[in-house]
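Coordinate inspection notes
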Amino acid sequence: MSQKGNITFTMIKPGAIANEHMGSIMNMISKAGFWIAAIKFIKLSQKQAEEFYLVHKDRPFYGSLVEFMTSGPIIVAVLEKDNAVSDYRKLIGATDPSKAEDGTIRKIFAESIERNAVHGSDSNENAIIEADFFFARSERFDRII
Ligand code: GDP
């Protein structure tokens, strides 16, 4: 599959799903010009969550984060756009919602620094690793127009 722009990887986290913000968040993503190249509704296993957040294993919030991320269903998706990683980080806002700019996804939908509504990759390299963690090539689709 050829990519027309760069990709980033996102998750809509359990809190935002439980509070029924899935549709509003997906709408903000599409309106901001991202093509949804792949999408699934899944529940992370303990093993998947521990592996996904392995970089944080020595942080005090690791256990709590893994517990939260396995507490309910999530959306995982691959988004395509020019400058996808940085543009999506701008759209979601700071990790801590109290520091996120007005109008960002986290400012609008996050409940706390941990329950912060969405994940967004922090580099092109990690976007590819994270997309490959969840999606086969056959589950990804090019932009139609
Ligand atoms: P991100 O790239 O903006 O998601 O931030 P990080 O990679 O630094 O952290 C990963 C995730 O861990 C965040 O999205 C939060 O869900 C959670 N997290 C980060 N910092 C904290 C913290 O200080 N306390 C708690 N409880 N959770 C945190």
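Residues numbered from 1 in each chain as written. Predicted model: local features only at pLDDT ≥ 70, side-chain atom pairs only at ≥ 80, totals over all residues. Heavy atoms only, no water.

Let's shift gears to the overall build of the chain. Looking only at helices and strands, the chain has 7 helices and 4 strands in total. N-terminal to C-terminal, the α/β element order of the chain is β-α-α-β-α-α-β-α-α-β-α. Judged by the C-alpha coordinates and their principal axes, the chain covers about 45 × 35 × 25 Å. Taking all 145 residues of the chain together, 46% fall into the buried category. Taking the intrachain contacts of the chain between residues at least 6 apart in sequence as the baseline, contacts between residues at least 24 apart amount to 77%. Carbon and sulfur atoms provide 53% of the accessible area of the chain, an area that totals close to 7,600 Å². (Helix = DSSP H or I, 4+ residues; strand = E, 2+ residues; numbered from the N terminus. Buried < 20%, exposed > 50% of the residue type's maximum accessible area, 1.4 Å probe, protein only. Contact = heavy atoms within 4.5 Å. Areas by Shrake-Rupley, 256 points an atom, 1.4 Å probe, with all protein chains shown as cover.)

It is worth spelling out the packing of aromatic side chains at this point. According to the stated counting rule, one finds 7 aromatic pairs in the structure shown. Both rings, one in Phe9 and one in Phe134, keep their centres 5.3 Å apart while their planes meet at 5°; by these two values the pair is stacked. Of this pair, Phe9 sits in strand S1 (residues 6-12) while Phe134 sits in helix H7 (residues 124-134); the two residues are 125 residues apart in sequence, bridging distant segments of the chain. Of the two residues, Phe9 and Phe134, neither departs from the other in class, the shared state being buried. An angle of 75° between the planes, with centres 4.8 Å apart, marks the rings of Phe133 and Phe134 as edge-to-face. Accessibility expressed as a relative area gives 27% for Phe133, which makes it partly exposed. The buried category is assigned to Phe134, whose relative accessible area is 8%. (Phe/Tyr/Trp six-rings, centres within 6.5 Å; stacked < 30°, edge-to-face > 60°.)

Purely geometric numbers; function is a separate question.
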